[in-house]
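Below are the chains, spelled out letter by letter.
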Amino acid sequence: MPAYTTNMRLKFPIVALVLEIITIILFAVFVEYDDGKHHGHNEHDKHFNETHHEKASMDLYPMFQDVHVMIFIGFGFLMTFLKRYGFSSVGFNLLLAAFGLQWGLFMQGIWHMDNGKIKVNIFKMINADFSTATVLISFGAVLGKTSPVQLLIMTVLEITIFSINEHIVAELLRVSYDVGASIIIHAFGAYFGLAVARVLYRPGLRNGHENDGSVYHSDLFAMIGTVFLWMFWPSFNSAIADPGFTQLTAVINTYFSLAACVLSAYGISSLVEHKGKLDMVHIQNATLAGGVAVGTCADMNIGAFGAMLIGLVAGIISSQGFKHLSPILASHLGIQDTCGVHNLYGMPGILGGLAGIVAVALGKKRGVWAIFLNTKCDAAMQAAALASSLGFALVGGAVTGLIMKLPIWGQPPDKNCFNDSIYWEVPGEENESLAHSDHSKNKAEA
Amino acid sequence: MPAYTTNMRLKFPIVALVLEIITIILFAVFVEYDDGKHHGHNEHDKHFNETHHEKASMDLYPMFQDVHVMIFIGFGFLMTFLKRYGFSSVGFNLLLAAFGLQWGLFMQGIWHMDNGKIKVNIFKMINADFSTATVLISFGAVLGKTSPVQLLIMTVLEITIFSINEHIVAELLRVSYDVGASIIIHAFGAYFGLAVARVLYRPGLRNGHENDGSVYHSDLFAMIGTVFLWMFWPSFNSAIADPGFTQLTAVINTYFSLAACVLSAYGISSLVEHKGKLDMVHIQNATLAGGVAVGTCADMNIGAFGAMLIGLVAGIISSQGFKHLSPILASHLGIQDTCGVHNLYGMPGILGGLAGIVAVALGKKRGVWAIFLNTKCDAAMQAAALASSLGFALVGGAVTGLIMKLPIWGQPPDKNCFNDSIYWEVPGEENESLAHSDHSKNKAEA
Amino acid sequence: MPAYTTNMRLKFPIVALVLEIITIILFAVFVEYDDGKHHGHNEHDKHFNETHHEKASMDLYPMFQDVHVMIFIGFGFLMTFLKRYGFSSVGFNLLLAAFGLQWGLFMQGIWHMDNGKIKVNIFKMINADFSTATVLISFGAVLGKTSPVQLLIMTVLEITIFSINEHIVAELLRVSYDVGASIIIHAFGAYFGLAVARVLYRPGLRNGHENDGSVYHSDLFAMIGTVFLWMFWPSFNSAIADPGFTQLTAVINTYFSLAACVLSAYGISSLVEHKGKLDMVHIQNATLAGGVAVGTCADMNIGAFGAMLIGLVAGIISSQGFKHLSPILASHLGIQDTCGVHNLYGMPGILGGLAGIVAVALGKKRGVWAIFLNTKCDAAMQAAALASSLGFALVGGAVTGLIMKLPIWGQPPDKNCFNDSIYWEVPGEENESLAHSDHSKNKAEA
């Protein structure tokens, strides 16, 4: 049954290269450099074409690089916590994000063409990086249980669906109050991934897997991801904010929300364990929930203390979720969420969406948009944006999961899950190499 | 004797959450976004309120992020060199800095209120990050020998005392010549930590501890911290300098001081070992001494070669200190300085302070301040600033140490020092997991 | 025979400190801060002294820091893939780059003096960092087989030769179309290193060496280097581009070239292995070839799709090179290229040079230079630049190799190659320390 093999030799190169070649052709036809001269016939594309900072070509570049680090180092290393899945975590992360940013730039761009062309600039590159975040979040839910071909398929479909939902939320509902993307990226990516994980449910892993856990050093590698995500989250939440005071507000709110979230994540982690010890799972993940949850209202006038309250609550919800909710999701609903994306992105994303509804209802929105649109864009529209995003995520994720389930994509059998060696050439470990290599020094010390 | 338990289940969450809630309340009352409109009735707050780059809201953001990386990745990973204390190093570093930046913003801000409000902006966020550096330096001196509750207490007290000393130095003495904070952060943090370490002296560790050392990979993790600190130190020393040429001067001086320091640190490391081998302790630490030592006069007209001389000397002093002075401090003075902060921050900080006195005496100070203040701010004032900082550090550290010594904060017994497993859930190690996990590949190679 | 000892105790400190002191003296005589006021008598130094963004002192600082991260984290950790050579990889990288940036600033500066002075600014610091990249690339070819004294000698000579070639290419031939330095840095550094490696050929390593390979965690450390290089390559290729639209073009082209290169590197890696598994060597290296290859024409109007085509081809060439060409170079030509720099920098650098020739011939060059110089700087000049760079690299590398081969620099014997312990104090490994340290937890789990 060659269709069931996990040998990727033909199918993976073909899928990867064909996708890339198609993308290059699409770019040749549709993509141009943005020279700053917009034709302006497309009056409705305010969000994309008329924001003035888009024209100052390189101003956003440092922000872009911060986001870039979050996508490739942050997400990539955060998932290296598994003891034998580090190559795949950081390696597939690079693969999916590198393809995703090209696909995302195209899919987001086709809604905002200028004389039939997508004009690429730093602002659009930030949005392209953002679009890959949805895939990387979903990747966390199915980490260790999917082949690279399945993951590339997920990338194509998820970014396509994301772009449709983003367009609906941003253009049709005229809701643009999600500057840090709690709703359209974090909640969307989490529930999309959970839907995929549900469809790909593996009864054989009900009782766990010996490789579904960390070792000492893999937890330290994961902390590289955590800390870079934590540090640069203010850039994530403010990168596409209106420049000036609004952007500053988004930075400040995110900075303090994250800081408060650390205290509650640590506190709850110690509280829920009977010996009061801290759990690395909480520290690696729940400390970031404050960045997710403050996203929607990051650029609103909620006060630093308001942001800290959101962060405090997010840290509590997230760490509690890891402790109490994830086991229930796995055992009762058949959702095996490897990284606990429900706790890091799902619930905090919804919290962020709800906080946004409240903040908009209280009139905390800032900037020119508030004046221009305050009659149309009310709290109900925020709620509709949240509902749309969750709907697209769950339905889109379920459909995507069904396609990924076709037995031709090289999905690993249960026993080879969470193990790099099924898709990677894996070298031996330290202890073996040491036995041969370092005679003088180590033998003396042994 | 429940008071002597190291179980953190109640005391740590209570301390962490109560501190955070108090901080949120203080922020709700006192902290506002800085909208750039200052009332100006507070004529003396030139350093904080009238510097023009403070008003250009986002200009300093890339500098801020460099400093942010130093605080959270730099300090955090630098301390992961211990073989079994990586979780605590990077994890407690995150905890202390996340709380410290909130506390620091408040404690620094109350001296410079505008209509009863602390107006937060990027400039103040940089200073808040700076204030945490004092705690993280002191943390290095007591690394492995304190509970997270003790460390949170130290954070509160040290940042409070730091803010008082900073205010005295900056406002009362009218000395603002410490742009890179050799005196008020590095020397202060080091001697504060050494005083705490002296009070917490553990006779039981006189003959060392099996876990008080590195392994191969922990030394590589530490190099992540070293290199990020090394790279971004020019940002640390120039972030709050006057914009333009003065800031450029601070960047250039720090860049070349650090480069020269690498050569002397490597040279001396090889020279002091009878086989001429390099010692990772020196490489991880002494290479950074040039950044510390050039701090005070980083923005002065000392010439690139002057900066290089300072770096050269700092590298020599620092690596010699690790080799010869630290053992003496431990055995004769009862100062068990885990990370050798005396060599990395203490002596180079004093060297920086002395270099600043000489440079000011020689008229190397640059910028508007020099013209405005050159009659008042002479070399004697620089010396007074150094003396004040050392005095506050030693007395403040001793008092803080006495409070931390109270037997109710869960301090670890000697045998559990330098070991994550007393406060963390620690997974097994690679060798154990390998025995189960990777049958095919590793067995074949074994 | 003390001359043949690998004990570095005297020779290394003497070489390091003497080099540093000479450099400090040269800086004292020749180097000044750039205050933005140029005398302008030196009419031909357009590339260095009249570019207007050089005057806006701090504008380039975020770009500089990205390049700085590539040099110290990127190159340093990329080479930690060897199982027992991590200290040397990241440690010697720091040493060579720290000295090289000083030497490079001087050697590049003497061609462009202003009233007998080298005026240092951020632009020159970026170029100084660039000059060290040539050495770090060559270091990859001889990794594990040279002493730190040999490497310092190589640094002095290679940067000197690089500066001469750069001057010839930039000034005499009037070719400045190598914004991302595919030719003058990447191809130059690679072929220089290969020439050195050829001269230092070790027949004793013909059949490999037990330490010339990776272990699981060393491959993960290397990915830190890979990903930081990958992320910040757009900064490398655009840092010294003309500001504004041209710089934006360089960023966009590099971003998409790298993204496309990932897909082809992964695809080919899987295709060339009979089980279709990915090889970490390809992922760590070939994914970066797109950044190298697009360098020369990064700021030209080649279209995003043109950049993607270059990246696609570079990924294919590079990963094929690792698989098929490196073994042939080693066995037939006696070139033992530890890191495969021929595949990552050599061939992609030449590809970049050729792409530049084609692009210039097709009139894709942008900006004021194109208008000003389009009669002189044609495709033939591009070809001459490539030929000059390869010529200087091969001849310079061979001469440098002969000097390095003198039996007085402490070169390691074959059996001690690829092993930190010959030049470093190396601690024991996890397994040994664990046997003593963590009784409670680990024994229970064992």
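Model, not experiment: these values are computed from the prediction.

Basis of the calculations
- Residues numbered from 1 in each chain as written.
- Chains lettered and ligands numbered in written order.
- Predicted model: local features only at pLDDT ≥ 70, side-chain atom pairs only at ≥ 80, totals over all residues.
- Heavy atoms only, no water.
- Helix = DSSP H or I, 4+ residues; strand = E, 2+ residues; numbered from the N terminus.
- Buried < 20%, exposed > 50% of the residue type's maximum accessible area, 1.4 Å probe, protein only.
- Contact = heavy atoms within 4.5 Å.
- Areas by Shrake-Rupley, 256 points an atom, 1.4 Å probe, with all protein chains shown as cover.
- Axes fitted to C-alpha atoms, helices over the stretch in contact; angles between N-to-C directions.
- Left-handed = near helix turned anticlockwise from the far one by under 90°.
- Nonpolar A, V, L, I, M, F, W, Y, C, P; charged D, E, K, R; others polar.
- Buried area = accessible area lost by both parts, 1.4 Å probe.
- Salt bridge = Lys/Arg side-chain N within 4 Å of Asp/Glu carboxyl O.
- Least-squares fit on C-alpha atoms with pLDDT ≥ 70 in both.
- Polar contact = N/O pair within 3.5 Å; in protein donor to acceptor, adjacent residues only side chain to side chain.
- Expected span 1.5 Å × (residues − 1).
- pLDDT = per-residue confidence, 0-100.
- Phe/Tyr/Trp six-rings, centres within 6.5 Å; stacked < 30°, edge-to-face > 60°.
- Lys NZ or Arg CZ within 6 Å of the ring centre and 35° of its normal.
- Patch = residues over 30% accessible without salt bridge, like charges linked within 9 Å, V, L, I, M, F, W, Y side chains within 5 Å.
- Disulfide = S-S within 2.5 Å.

Draft legend 1. Inspection of the overall build of chain A at higher detail. Of the regular secondary structure elements, chain A holds 17 helices and two strands. Counting only residues that meet the buried cut, chain A has 70% of its 446 residues in that class. Summarising the internal contacts of chain A: among those between residues at least 6 apart in sequence, 85% fall at separations of at least 24. With the model as given, the accessible surface of chain A reaches about 12900 Å², and the carbon-plus-sulfur share is 66%.

Draft legend 2. Quick peek at the packing of helix α4 (residues 86-109) of chain A against helix α6 (residues 148-172) of chain A. Residue and element names in this part refer to chain A. Interhelical geometry of α4 versus α6 gives an angle of 35° and a closest axis separation of 9 Å. Relative to α6, α4 is oriented so that their crossing is right-handed. Seen from α4, the contacting residues are Phe 92, Leu 95, Leu 96, Phe 99, Gly 100, Trp 103, Gly 104, Met 107 and Gln 108; seen from α6, they are Pro 148, Leu 151, Leu 152, Thr 155, Val 156, Ile 159, Thr 160, Phe 162, Ser 163 and Glu 166. In terms of residue class, the contact of α4 with α6 is made up of twelve nonpolar, six polar and one charged.

Draft legend 3. Inspection of the interface of chain B and chain A at higher detail. Contacts between the two partners involve 76 residues from chain B, matched on the other side by 73 residues from chain A. Counting each side, the surface lost to burial between chain B and chain A is near 6400 Å², with a carbon and sulfur contribution of 71%. Counting every contact that joins chain B to chain A gives zero salt bridges. Contributing elements (two or more residues each) for the side of chain B that touches chain A: α1 (11-30), β1 (31-33), α3 (61-78), α4 (86-109), α5 (122-142), α8 (216-238), α16 (430-437) and α17 (439-445) of chain B. By residue number, the principal contributor to the side of chain B that touches chain A is α4 of chain B, which donates twelve residues. Taken together, the residues of the side of chain B that touches chain A sort by class into 42 nonpolar, 20 polar and 14 charged.

Draft legend 4. View of the relation of the copies chain C and chain B. For these two chains of identical sequence, chain C goes onto chain B by a turn of 120° and a shift of 0.0 Å along the axis, with RMSD 0.0 Å. Both chain copies can therefore be described as sitting about a three-fold axis. Each copy contacts the other with its own distinct surface, as only 20% of the interface residues of chain C are interface residues in chain B too.

Draft legend 5. Region of interest: the relation of the copies chain B and chain A. Mapping chain B onto chain A leaves a residual RMSD of 0.0 Å; the transformation is a rotation of 120° accompanied by 0.0 Å of translation along its axis. Of the interface residues in chain B, just 20% have counterparts in chain A that sit at the interface too, so the contact is made through distinct surfaces.

Draft legend 6. Seen up close, the pattern of salt bridges. As enumerated under the stated definition, the model contains six salt bridges over all chains in all. For Asp 414 of chain A, the salt bridge goes to Arg 202 of chain A, with nearest N and O atoms at 2.6 Å. Here the residue Asp 414 of chain A occupies a position in the loop between α15 (379-405) and α16 (430-437), and Arg 202 of chain A occupies one in the loop between α7 (182-199) and α8 (216-238), the gap between them amounting to 212 residues. By relative accessible area, Asp 414 of chain A is classed as partly exposed at 27%. With its nearest N and O atoms 3.6 Å apart, the salt bridge here joins Asp 35 of chain C to Lys 119 of chain C.

Draft legend 7. Fine view of the interface of chain C and chain B. Each partner contributes to the interface: chain C provides 75 residues, whereas chain B provides 72 residues. Carbon and sulfur atoms supply 71% of the area buried between chain C and chain B, which totals about 6400 Å² over both sides. The interface formed by chain C and chain B contains zero salt bridges. Taken together, chain C and chain B are joined by 19 residue pairs in polar contact (both at pLDDT 80 or more). Mapped onto the side of chain C that touches chain B, the elements with two or more residues apiece are α1 (11-30), β1 (31-33), α3 (61-78), α4 (86-109), α5 (122-141), α8 (216-238), α16 (430-437) and α17 (439-445) of chain C. Here the side of chain C that touches chain B gets twelve residues from one element, more than from any other, and that element is α4 of chain C. Split into classes, the residues belonging to the side of chain C that touches chain B amount to 42 nonpolar, 19 polar and 14 charged.

Draft legend 8. Representation of helix α6 (residues 148-172) of chain B within the structure. All names here are of chain B. An ideal rise of 1.5 Å per residue puts 36 Å on 25 residues; α6 measures up with 35 Å between its terminal C-alpha atoms. Across the 25 residues of α6, 20 count as buried, placing the element largely inside the fold. One or two steps after α6, the chain reaches Arg 174, where phi turns positive at roughly 60°.

Draft legend 9. The environment of His 274 of chain C, seen in detail. Note that His 274 of chain C resides in the loop between α9 (245-271) and α10 (280-285). Look past the residues within four positions of His 274 of chain C in its chain and what remains in contact with it is Asn 7 and Arg 9 of chain A.

Draft legend 10. The arrangement of the confidence of the model for chain A in detail. All names here are of chain A. Residue-level pLDDT values for chain A average 89, and 87% of them are 70 or greater. Across residues 40-55 the pLDDT falls below 50, and counting only partners more than four positions away or on other chains, this stretch makes 41 contacts in the model. The low-confidence segment residues 431-446, where pLDDT is below 50, has 35 contacts with residues more than four positions distant or belonging to other chains. For this predicted complex, the interface confidence score (ipTM) comes to 0.93, while the overall pTM stands at 0.94.

Draft legend 11. Representation of the packing of aromatic side chains within the structure. Across all of its chains, the model carries 69 aromatic pairs over all chains by this definition. Ring pairs connect the aromatic residues Phe 77 and Phe 221 of chain A, Phe 77 and Phe 221 of chain B together with Phe 77 and Phe 221 of chain C, which therefore count as one cluster. One Lys or Arg, Arg 84 of chain B, reaches over the ring of Tyr 216 of chain A and ends 4.4 Å from the middle of that ring. Between the NZ or CZ atom of Arg 198 of chain C and the centre of the ring of Tyr 201 of chain C, over which it lies, the distance is 5.5 Å.

Draft legend 12. Looking closely at the side chain of His 167 of chain A. Along the chain, the position of His 167 of chain A falls in helix α6. The residues contacting His 167 of chain A, other than those within four sequence positions of it, are Trp 111, His 112 and Leu 172 of chain A.

Draft legend 13. Here's a closer look at a nonpolar patch on the surface. On the surface, Leu 394, Val 395, Val 399, Ile 403, Leu 406 and Ile 408 of chain A cluster together into a nonpolar patch covering about 490 Å² of accessible area. Accessibility expressed as a relative area gives 33% for Ile 403 of chain A, which makes it partly exposed.

Draft legend 14. Layout of unusual backbone geometry. Although it is not a glycine, Ala 181 of chain A sits at a positive phi angle of roughly 65°. You can see Ala 181 of chain A is positioned in the loop between α6 and α7.

Draft legend 15. The arrangement of α9 of chain C in detail. For α9 of chain C, which comprises 27 residues, the first-to-last C-alpha distance of 39 Å matches the rise-based estimate of 39 Å (1.5 Å per residue) to within 8%. Among the 27 residues that make up α9 of chain C, 25 are buried, leaving the element largely enclosed by the rest of the structure.

Draft legend 16. Examining the environment of Ile 310 of chain A more closely. Residue and element names in this part refer to chain A. If you trace the backbone, Ile 310 turns up in helix α12 (residues 303-333). Spatially, the C-alpha atom of Ile 310 lies 9.4 Å from that of Ala 289, the residues being 21 residues apart in sequence. Those residues in contact with Ile 310, other than ones at most four positions away along the chain, are Ser 257, Ala 293, Val 294, Cys 297, Ile 302, Leu 351 and Ala 355.

Draft legend 17. Spotlight on the state of the cysteines. In this structure the tally under the stated criterion is zero disulfides over all chains. Free of any disulfide, Cys 417 of chain B has its nearest neighbouring cysteine sulfur in Cys 339 of chain B, separated by 13 Å. Free cysteine: Cys 297 of chain C, not disulfide-bonded; nearest cysteine sulfur from Cys 261 of chain C at 14 Å.

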